[in-house]
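Here are the chains, one letter per residue:
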Amino acid sequence: MVIIPAIDLQDGQAVRLVQGDYGKKTVYNPDPIKVAVKFEEMGAKYLHVVDLDGAKDGNTANIETIRKIREAIKIPMQLGGGIRTAETVARYLDDIGINRVILGTVAISNPDFVSRMLAKHGEEKIVVGVDVRKGMVATAGWLSDSRRDYLEFIETLKEKGVKYLVVTDISRDGTLTSPNWELYKKIEGINVVISGGVSSEDHLRKARDYYGIIVGKAFYEGKVDLKRCFLTMQ
């Protein structure tokens, strides 16, 4: 199990939203590069970055900040938010050196795109983000609902050869409550990264049977000692 610290970017700053609501934002650090370096120094083995502006609008507004983060650290980095074209995928993977890109909205709107990216870049570099609201997959920075059952959608992804998923229960994200364990235990046969609701080190221990777990607000609010967790749980 890999503990993956998260940096959410908006307007070049490290922020967190509550339940994906862009109106409920907390700025935790105006310099996300320093945050990334701190995570690496603490012992993180992977970094999770989300471009919230990109997720909402499908653009690459934070690309220069992302580039600076990539240049500042040596650990692997995965990136999501607004990655909806082959050109954007290639730019992040080949130009900037991101290790894995997370496809979200485009995986629903253009399923063949996932297959093409897997064929071109390989299963280790393409992750699909499955963002769930009341059992259905949400898109466009969680602002829209696809009316697609998340388990049925995951089955189609497995058939395409997707190896990694980041699965988020939107209702838990940024709430410091608990991950939705009932949602995750129904997913089988694929590497799942848990996202949303983490608020204690007990949650990290409970996630040992999964590929990974993302920690965001719980770290920024002082609920989890990540340095100790990196040493004892990974």
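Coordinates for the structure precede this section.
Report on the accompanying structure. This is a predicted model, so every value here is computed, not measured.

1. Brief notes about the packing of aromatic side chains
In step 1: Counted by the stated rule, this structure contains 7 aromatic pairs.
In step 2: Ring geometry for Phe-39 against Tyr-220: centres 6.3 Å apart, planes inclined by 70°, an arrangement best described as edge-to-face. Highlighted residues: Phe-39 in helix 1 (residues 32-42) and Tyr-220 in helix 10 (residues 217-220), separated in sequence by 181 residues. We note that Phe-39, like Tyr-220, is buried.
In step 3: Among the aromatic residues, those joined into a ring-pair cluster are Tyr-28, Phe-39, Phe-219 and Tyr-220.
In step 4: Here the basic side chain of Arg-100 rests over the ring of Tyr-164, its NZ or CZ set 3.9 Å away from the ring centre.

2. Some thoughts on helix 7 (residues 150-160)
In step 1: Those residues of helix 7 that sit buried are Tyr-150, Phe-153, Ile-154, Thr-156 and Leu-157. An end-on view of helix 7 places all buried positions within 160° of arc, on one side of the element.
In step 2: With a side-chain oxygen positioned 3.1 Å from the backbone nitrogen of Leu-151, the residue opening helix 7 is Asp-149.
In step 3: Within two residues after helix 7, Gly-161 carries a phi angle of roughly 100°, on the positive side.

3. So, unusual backbone geometry
In step 1: Backbone geometry at Asp-11 places phi at a positive 55°, although glycine is not the residue there.
In step 2: You can see Asp-11 is positioned in the loop between strand 1 (2-10) and strand 2 (13-18).
In step 3: Asp-11 gets classed as exposed once you look at its relative accessible area, which sits at 59%.
In step 4: Phi is positive for Leu-176, which is not a glycine, with a value near 55°.
In step 5: Position of Leu-176 relative to the elements: it lies in the loop between strand 10 (164-169) and helix 8 (181-185).
In step 6: Classification of Leu-176 by relative accessible area gives partly exposed; the value is 24%.

4. Some remarks on helix 11 (residues 226-233)
In step 1: The complete set of buried residues in helix 11 reads Leu-226, Cys-229, Phe-230 and Met-233. Looking straight down helix 11, one finds that the buried residues subtend no more than 105° of arc, so they occupy a single side. In helix 11, the exposed positions that point more than 90 degrees away from the buried face belong to Leu-231 and Thr-232.
In step 2: Contact partners of the buried residues in helix 11: strand 1, helix 1, helix 9 (201-206), strand 12 (212-215) and helix 10.

5. Structural notes on the nonpolar core
In step 1: Ranked by internal contacts, the top residues of the largest apolar core, which has 66 residues, are Ile-7, Phe-39, Leu-47, Leu-103 and Val-130.
In step 2: Those residues in contact with Leu-103, other than ones at most four positions away along the chain, are Ile-83, Val-89, Phe-113, Val-114, Met-117, Ile-126, Val-127, Val-128 and Gly-129.
In step 3: By size, the runner-up hydrophobic cluster in this structure holds 10 residues, among which are Ile-4, Ala-6, Tyr-46 and Tyr-164.

Quick notes on the rules
Residues numbered from 1 in each chain as written. Predicted model: local features only at pLDDT ≥ 70, side-chain atom pairs only at ≥ 80, totals over all residues. Heavy atoms only, no water. Phe/Tyr/Trp six-rings, centres within 6.5 Å; stacked < 30°, edge-to-face > 60°. Helix = DSSP H or I, 4+ residues; strand = E, 2+ residues; numbered from the N terminus. Buried < 20%, exposed > 50% of the residue type's maximum accessible area, 1.4 Å probe, protein only. Lys NZ or Arg CZ within 6 Å of the ring centre and 35° of its normal. Arc of directions from axis to C-beta. Polar contact = N/O pair within 3.5 Å; in protein donor to acceptor, adjacent residues only side chain to side chain. Contact = heavy atoms within 4.5 Å. Core = buried A, V, L, I, M, F, W, Y, C linked by side-chain atoms within 4.5 Å.

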